[in-house]
Every structure is written in C-alpha cells, then in structure tokens.
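Residue-level structural notes
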Amino acid sequence: MDDLEKAILLASDSPAAASASPAVREEALAFCARARDESPPSSLLRLCLSGLASSPHAHVHFWCLQSLHDALLRRRLALPDDLALLRSSLLSLASASNAASPPFLRNKLAQLIALLVRLDYPHVYPSYFLDLLPPSPPQSGPADMFARVLISLDDDLLSQDYPRNADEAADAGRVKDAMRAQCVPQIALHWHDAAVSLRAADPATAAVALDAARRCISWIDVALVANDVFVPLLFDIALSPGSAAPLAAAAVGCLSAVAAKRMDARAKVALLRSLLSAQQGLGSPDSGLKMATLVTTYAAEALECYRKLGPSDTDGTVALEMLEEVLPAVFSAAESSEEEEVDSGSVLEFLAGYVSTMKAPSDKQLGHLGRILEVVRQQMSYDPVYREHLDVPDKIGKEEEDLMAEQRKDLVALFRNICRVAPSATQQFIRGLMVTALSSAEATVEDVEVTLALFYRLGETVGEEEIRTGSGLLGELVPMLLSARFSCHTHRIVALVYLETVTRYIKFMQENVQYVPHLLAAYLDERGIHHQNSHVSRRAGYLFMKAVKLLKARLVPYLDTILQSLEDVLGQFTAMDWGNKDAKFSSSEDGSQVFEAVGLLIGIEEVSPEKQVQCLTALLNPLCHQIESLVMGAKAQGLEESSPRAMSLQQIVVALNMLTKGFNERLVMVSRPTIGVMFKKTLDVVLQVLISFPNMRSLRSKVISFLHRMIEILGISVLPCIPVALRQLLVNNEAKDMVDFLVLINQIISKFNSSASGILEDVFPTIASRLSVILSQDAFSTGPASNTEEMRELQELQRTLYTFLHAMVTHDLSTILLAPTCRQYLETIMQLLLFTSCSHKDILLRKACVQIFVQLIKDWCTTSKVDDKLPGFRVFMIGKFATGCCLYSVLDKSFDLRDANSLVLFGEIVMAQKIMYERFREDFVVNFVVKDLPEAHCPPDLAEQYYQKLQHIKWSLLIEYFLF
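Residues numbered from 1 in each chain as written. Predicted model: local features only at pLDDT ≥ 70, side-chain atom pairs only at ≥ 80, totals over all residues. Heavy atoms only, no water.

**Things to note about the overall build of the protein chain**
- Looking only at helices and strands, the protein chain has 49 helices and 0 strands in total.
- For the protein chain, the C-alpha atoms occupy an extent of roughly 115 × 85 × 70 Å along the three principal directions.
- The buried share of the protein chain, taken over its 964 residues, is 53%.
- Relative to all contacts within the protein chain whose residues are 6 or more apart in sequence, the contacts with residues 24 or more apart total 72%.
- Per element, the accessible surface of the protein chain, about 42400 Å² overall, is 53% carbon and sulfur.
- Positive and negative charge centroids in the protein chain, built from 90 and 114 side chains respectively, lie 5 Å apart. (Helix = DSSP H or I, 4+ residues; strand = E, 2+ residues; numbered from the N terminus. Buried < 20%, exposed > 50% of the residue type's maximum accessible area, 1.4 Å probe, protein only. Contact = heavy atoms within 4.5 Å. Areas by Shrake-Rupley, 256 points an atom, 1.4 Å probe, with all protein chains shown as cover. Lys, Arg positive; Asp, Glu negative; His and termini not counted. Charge placed at Lys NZ, Arg CZ, Asp CG, Glu CD.)

Structure (structure tokens):
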C-alpha cells in the first residue's frame, strides 16, 4: 500500500507530483493502472479499503473509490463475501462522513453507494436507506451524505431527464417501488427535519437536502411534501430575508416540483389551490422576484388545467382565475434583470400559450396583454453595454446582432400572436412607444431601436389594404414615423431599422400621396442616403430604389427635388481622386442603387421626352467624360487591377449599367429614339475601356454586364458594336472568362436570331479552337480532384458550351457550322456531343446534346442522301449516335428509368430514332434493327416487333414499347 500511495500521489496533481519528472510520473501512472487492472478482485477490494482506512491523503481516497466503482461497474467484484465487505465498509464510511471532507470525495462515495443500491436493493440488501437515514435531529455530516446518495442515485438511475436503456428503466422501477413501500415517508420527514434544524446552522447542507427532495417529488406521494407542515416551511425559507440564496432557491425548487407533479387535471387544480392558500401573496410582484421559477411553473400548470377542462367547466374556470391571480408575479419575473434567477425560455413559452387561448380578450385580459407587450419590448432590447460596438460595428457588435436576431425569433412570434388577438391594443402600445421616443431627448438608442423594430413587425401582421388606407391607428402612426427625427438617429442600428420600417409601410403613400415629400426626405436627408454611417447610406440607397420601383409615377412631380438632393451622391462618381494612390475605394457596387433608382424614375413614360433627355445628359455626359479622362491617363501611366483609377472605372461602368435598368427597348428605340442615340454614344465610350484594357478581368466583367443591358434596350442597333467587343473579349481567356463570353453570345443569339449569323460566323472559329483545347475529354477528373475550383469552372464552361450550341441550332444558325472557316472544327464538336450524349453523368446535358443532334438532322439531312448538306453526317449518326446513344447508353446499368430526368432523356432518344427513321429510312433500319439490336442480344422476334412499331405505331406508343 505504501508503494501504491506514493504512485498515486506522483500521478495526481498533489504537491509531490510537482517536483517529479515526466518519466517518473508516467511510471507512477503505469504502476497505478497495473494495480487497478491486474490485481485479483478480492485483493483490489482489500487494498482499496486499506487505503481508505489508513491514508491521510484525499487523492489516495479518491483513487480507491474510483477503482472500486470501476470494478463494481464492470462486475469484477461479484463474490458475495466481497460485496458484503464492500457494502458494510461503505455504509460505515457514509455514516461517519464529516461535512468538512472534500465535496469531490463525498460525491464519489455517494456515487459508489448509489451503484450498490442499483445492483442489490432490495433483493440482496433491503436496508440501505434505513441504515443511511440520519437520526433526528439531523447532523450536518450524515445529512449531507444521505442527500448526496439520493442525488447520485437520481443522476445515475432514477431521473427521467436522461435517456435510459431497458435495463436501467427496469432497475429504476424496482428501486422506486421498494423505496415507496419501505422508507419514503421516513425520508420525507428527514427532509423536513433537516430544513428546520439546519436552515440556520448549516444552510448549505439544508439546501442539499431540499435539492434531493426536489428530485424525488416527481415519483413519490406528493402529499408527503404538499401538506400543511412542509409547504409553509418551504414558503418561509423561500421568502425569508435571512435565508441563504442557495437554500431559498432549493425551497423554490421543491415548491415548483410540487406544482409540476403529474396528475389528473382536477386533482392538479386542488393542489394548486392549496399552494395559493398557503401563500396568499403568491401573485404579488415580490413573489415573482423571489420565486420566479415557482410562479412560472404554477402559471403554466394552471394554464394546462384550463386547456384540458375548458372554460365551461367549474374547475377550468377556477384554473383560469388562479392563473390570472399569479400573472402579476409572472410579469415581475419576466421583467426582472436577474437573468440567472429567471428561465426566460419558460416564461416566454407560458406567455405564448396564454395568448393562444384568447379569442376575444376581455378588458382585464387586454391589460395583461399590455404587460406581455412590455415584456416583449424589454427582452427584445439590446444591452447598453454593446452600444458603441453596434455602431461600428466591430466583431463584438456583429456577434451581439446575431445573438439578438436569434433571441428575437420567439419573441416576434409572440408579438405577432398578440397583434392577431388584439390589433387595436397593439397599435396603441406602439403609439405610446413612439410618442415617448419622440418626446424625450433622453430616449436611448436601445429604446428607440426596439420601438422601431416592433413597429416594423407590426407591419408584417397588417394586410396591404390596411397599410394603404391607414386603417386603425396606422393613419396616425405612419406620418409620425415619416417625420420622426430621434435624438439618437445617428446611431447605426437606429438609422437602419428606421429605414427598414419606413420601407415596410411604403404602400401607405399609394393612397396618401400628400406624405410622399416626407417619405423622400426620410430616404434622402441625413437619416438615409446622407447619413454619416456608410453602412446606413448604402442601405438607404437600396431601399430608396425599392421605393421608386413601387411608387414610380407618384414620384414624377418630385423628380427635380430628388435629383437636387442626390446631386452630391451622383457627382461623387465624377469627382473621385483617382490620381491618389493612397485613396481608399469601397466596392464597385457602392452607390449604384442610387443610379438604378434615378434610372427607374427617369425611364417611366410619365416623364416628358425633354425632361428625360435633360436628366440623362446631366448624368451621362460627366460619367462619359470621366471614363475618357481615366482611360487617357491609364494609357499614359499604366493601369493596375486594384489601383484607384481602375476602381473608378469599375464604379462608373456599374453606375451606367444601373442607370439603364429603368429603360426598355420600346421606349428607347421606338417612342423616344433620341435616348437610344445617347445610350449608343455611351456604349461607344464604355467599349474604349475594353479595347484599351482587354486583360483586366474586373473591368471586363463590368463591361460585359453593361453590354448585356445595351443589347436588351438598344436592340438591333447595337449589332455594329458587337464584333469589336467580342474580339476583345476573346483575348487571353480562361475557363471562367469563356463562360461569361458564351453567356453574352447566347443572349445575342436569343435576341437577334439569324441576324447575328455574320457576327457568329466571324467569332466561331476562335471559340471552337479555344474550347477544343480547354474541354478535351481527358481534361476532367472523376476522383477527388473533380471538386477543385478549377474543375468546377471547367464543368460550368462545358454546360455553357452546350447551351451555346443548343441556342445556335434552335435559332436557325446551324449552317454556321458548315461555313468554310468553321468546318474544320466539326469533327471535334461532333465527338464531344457524342461523348456527352452517351455517357455524361449530367442527365440534363445528355438531353441537350440529343436535342442538338435531332435539330442537326432536321437542318442538314433529307430523305435523299444527295441533298445532305454535310457528307458523312448521315453515316456518323447511324453508325455512332444511334448505336452508342440510342441503344448502348440506355442498356447501361447506370441508366435509371425511375429517375424523372432520365425518363425525359429517354423520350428525347426515342424522338431521335423517329427523326432518323424519317430521314434515313432503310439505312437506319439496316444498321439499327438488323445489325445493332441482334449484337445487343435482342431476340429476333422482339427486333421485328420494334421494326413494325417503328413503321406503323404512334411515337408515344413506341416509347412505351421501348420501355417495355
């Protein structure tokens, strides 16, 4: 034992281990492990008991108790004599336990005794609890030890708060049944005596005893605690100013467990009535502060009884009355700043349940709803300690915003329910908050933010028609909002929620146009776009753009006012210090929403042609001059991707792009062609950026976006500009660049059809040669490397290529493939299409390729070989496509007809057979029916049946037959 004791001390965190070397500690650990695992069970038992009896060191005691627990748990200790010795020794230790011994030793001893109880109570040793039960009056040491045994037993076996397997559930039932039959009344009496005798002398032990009682109340006879003796004592402890906080909390826990005891609803009503009788002031605010858990549990249980019994039942009515009697205490608990004392989740769950029971609230219930709204407001409010962090926002502020967004989810749901039950009362509540926030110069950031947040959420529960007409108090609240200027409006979170709330009620202006100037001021002054915080000003620009989209014509009378207010914002794009190498530029998208809003406003037909030209001239000319100046300077001094000059060019092109979103082709090219001329000149200027710097990808992407818009609004007139742009866009292309390029080409094809044939014939050879290298069949990996960014770009390019080819053949442009400059690439294209149609893992791509082949057959082949536009194509389709795609790809085990996309692909394959039979006739029959089907082991009679169907049956029936 001496050697083991030394080893344990060296292996632990004792003072002896501090001076030992790692090698010595490792050797000590190994020695302890051998003693625990290799000693015979009886020897280990006696060794540990000797250590418990003789060693003065707590670390040695713990090691001995832990080793015995492990041996017992693994059933190494199984001999009756050994178990009897262990039992008697542990019970003696427990009875002699000193309250001054370390808690971790008392907990470990309790855990070991609890395991023994599980294994052999009551069938082997029925008097565990009678032996452990301290005599009256209880002393601190034995009372503490007895409580810890009950707590360990609850944690390890009896509690239903943890998942248990079947054996554990059976053992728990056996132990509970035996205790109820033998000793629970004596134990309950001990709890009462311990609380009485130790509440002043040793409140910590009294608290542990009551905690043990709380855990057992759910499965014992509740009358042993819920009686005229015990309940008054618990209330006295809970409410007495002299009670230690842990002891008072334990008493509240016991009372809460009594209230939560499962039973019939009528019996529960009687139990709750008895608690209310024992403490007449249970519903007082003071009770809510001191007994938050109890009043919340009590209210929730009363609510459940009311739900089960109903309002027409006498007991149900009593349950509702008791519930409403304790509501003031619940509200007090909910509004308490002592978060550790209040389970806000439980309070919120109860309040939500209470509101859900209301249909037509009475005046009294409306008063309660007002208190609940105040609870919601309070719990939705930010802590002032984060005020500066939220204004920046820094990492702490962002984390707090995320946490608050999550915390508000349930609160918002409760608020919406209150809006549904009592809309007028909710609007009145919001009105009171708004009046307070506006009338007080001392209104805090947090108060104003939560007021506006609730006003915003109110808008989610109100119908569009109600907002438009300003029903209820909205006719007063919305104008109040629009004219609001809070003392803390400079703070970021206040400004943001203000703008979001204004936007939520924007439809109010559709019927109340007199408030449009107030709306515009909210967006355009220092509360919005001109706010000192850049986050706010950017968001204001976006929300203003949304407002313009909705109101449009109603804003036309204020066009000059809007442009004047935005003059500095619009002008900043032509006043950038691009020559300053240290200049800081934000995203190229910053401020672009303002241009989109202005474009949307100018582009509506209610604006006169003269006014449109005037406005566009004022906007386009400075931007175009700035581009020309920047390009000239960049040519002379060079241009780097991230330079201020490059950022300026990007921002200007994006602004021009956004400006055009308010215009359409009919307006620009038909109704008001002067505008079309202006945009055409602008396009010529923008293309100089691409011509001058074709290798600068960030600039190129912005110019491509602008080209997309010009194609949409300028129509056929833009075609002369396209070749120049396309040639520049084909310089030094990578996979991602080619995707952007092909998307542009696809738009040109879809927009102009055969009118684009000349352009397409000019660029197709370059496209084909570039793609044949990038998209060779061996360029794709199927292993882990297929998930790289480069491989994903290649796959995206492949999908875009097939979209491009599909667009060509479906827009009467397939003859381009036959042009002398393009024909040399046909073999590569056909092989790529064949490979994809037969075996690509993307079923939708396979379908597209089959459709391309079908269209090429229609375009290039007739029933006569001599009229075919491409010699050899017929042979290729019969010998390669029909065999590979129409037969063997379908027979492959990976072809799953249960998949919807595969079934669609199969339909396209059958359609291809139809077209091949119509155009190729006997050539197709001889190769596919006579040769391919037999080689695929198709029985001759089945091949013959297929041939007959091919000739005489509708194609929908042929599909069904082929499927069969």
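**Concerning the layout of surface pockets**
- The calculated volume of the largest pocket comes to roughly 800 Å³.
- Considering the residues around the largest pocket, the lining is formed by 28 residues, among which Asp161, Ser218, Ala257, Ala260 and Arg262 are closest to the centre.
- For the lining of the largest pocket, the elements supplying multiple residues, two or more each, are helix H9 (140-158), helix H12 (203-217), helix H14 (245-259), helix H15 (265-278) and helix H17 (292-309).
- In terms of residue count, H17 provides more of the lining of the largest pocket than any other element does, 6 residues in total.
- For the lining of the largest pocket, the per-class residue count stands at 8 nonpolar, 7 polar and 13 charged. (1 Å grid on protein atoms, 1.4 Å probe; cavity = no way out; pocket = protein on both sides within 12 Å on 5 of 7 lines; lining within 4 Å. Points joined across faces, edges and corners; volume = space filled by probe spheres on them. Nonpolar A, V, L, I, M, F, W, Y, C, P; charged D, E, K, R; others polar.)

**Considerations on empty space enclosed by the protein**
- Overall, the coordinates contain 1 cavity of 30 Å³ or more when judged by the stated rule.
- Taken as a whole, the largest cavity holds about 130 Å³ of empty space.
- For the largest cavity, the lining is made up of 15 residues, of which Ala768, Leu771, Leu801, Ile829 and Leu832 are closest to its centre.
- When residues of the lining of the largest cavity are traced back to their parent elements, those giving at least two are helix H41 (757-774), helix H42 (789-810) and helix H43 (826-839).

**Comments concerning the UniProt feature "domain: Exportin-1/Importin-beta-like" (unreviewed entry) in the protein chain**
- According to UniProt, the feature "domain: Exportin-1/Importin-beta-like" (unreviewed entry) maps to residues 102-255 in the numbering used here.
- Taken end to end, residues 102-255 is 71% helix and 0% strand, and its two terminal C-alpha atoms sit 30 Å from one another. (UniProt positions renumbered as here; feature names shortened; annotations may be inferred.)

**Considerations on the packing of helix H27 (residues 492-504) against helix H29 (residues 516-524)**
- Between H27 and H29, whose axes approach to 10 Å, the crossing angle comes to 150°. By the criterion of interaxial angle, the relationship of H27 to H29 is roughly antiparallel. Crossing angle aside, the handedness with which H27 passes H29 is left-handed. Across the interface between the two elements, Tyr498, Leu499, Val502 and Thr503 of H27 pack against Leu519, Ala522 and Tyr523 of H29.
- Class assignment of the residues belonging to the contact of H27 with H29 gives a composition of 6 nonpolar, 1 polar and no charged. (Axes fitted to C-alpha atoms, helices over the stretch in contact; angles between N-to-C directions. Parallel < 35°, antiparallel > 145°, perpendicular 65-115°, else oblique. Left-handed = near helix turned anticlockwise from the far one by under 90°.)

**Quick look at the nonpolar core**
- Core analysis: the biggest nonpolar cluster contains 353 residues, and Phe129, Met179 and Phe804 have the highest contact counts within it.
- At 12 residues, helix H18 (residues 314-334) tops the list of elements feeding residues into this core.
- Setting aside residues up to four positions removed in sequence, Phe804 forms contacts with Leu742, Ile745, Asn746, Ile749, Leu760, Phe764 and Ile767. (Core = buried A, V, L, I, M, F, W, Y, C linked by side-chain atoms within 4.5 Å.)

**Overview of the domain arrangement of the protein chain**
- The domains assigned to the protein chain are domain 1 (1-78), domain 2 (104-262), domain 3 (386-528) and domain 4 (557-732).
- Here the C-alpha centre of domain 3 lies 66 Å away from the C-alpha centre of domain 1. (Domains from an automatic or database assignment.)

**Things to note about the packing of helix H10 (residues 166-182) against helix H11 (residues 184-198)**
- Two elements in contact, H10 and H11, have axes whose closest approach is 5 Å; the angle formed by their N-to-C orientations is 75°. With respect to H11, the axis of H10 lies roughly perpendicular. Contacts between H10 and H11 pair Met179, Arg180 and Gln182 from the former with Val184, Gln186 and Ile187 from the latter.
- In terms of residue class, the contact of H10 with H11 is built from 3 nonpolar, 2 polar and 1 charged.

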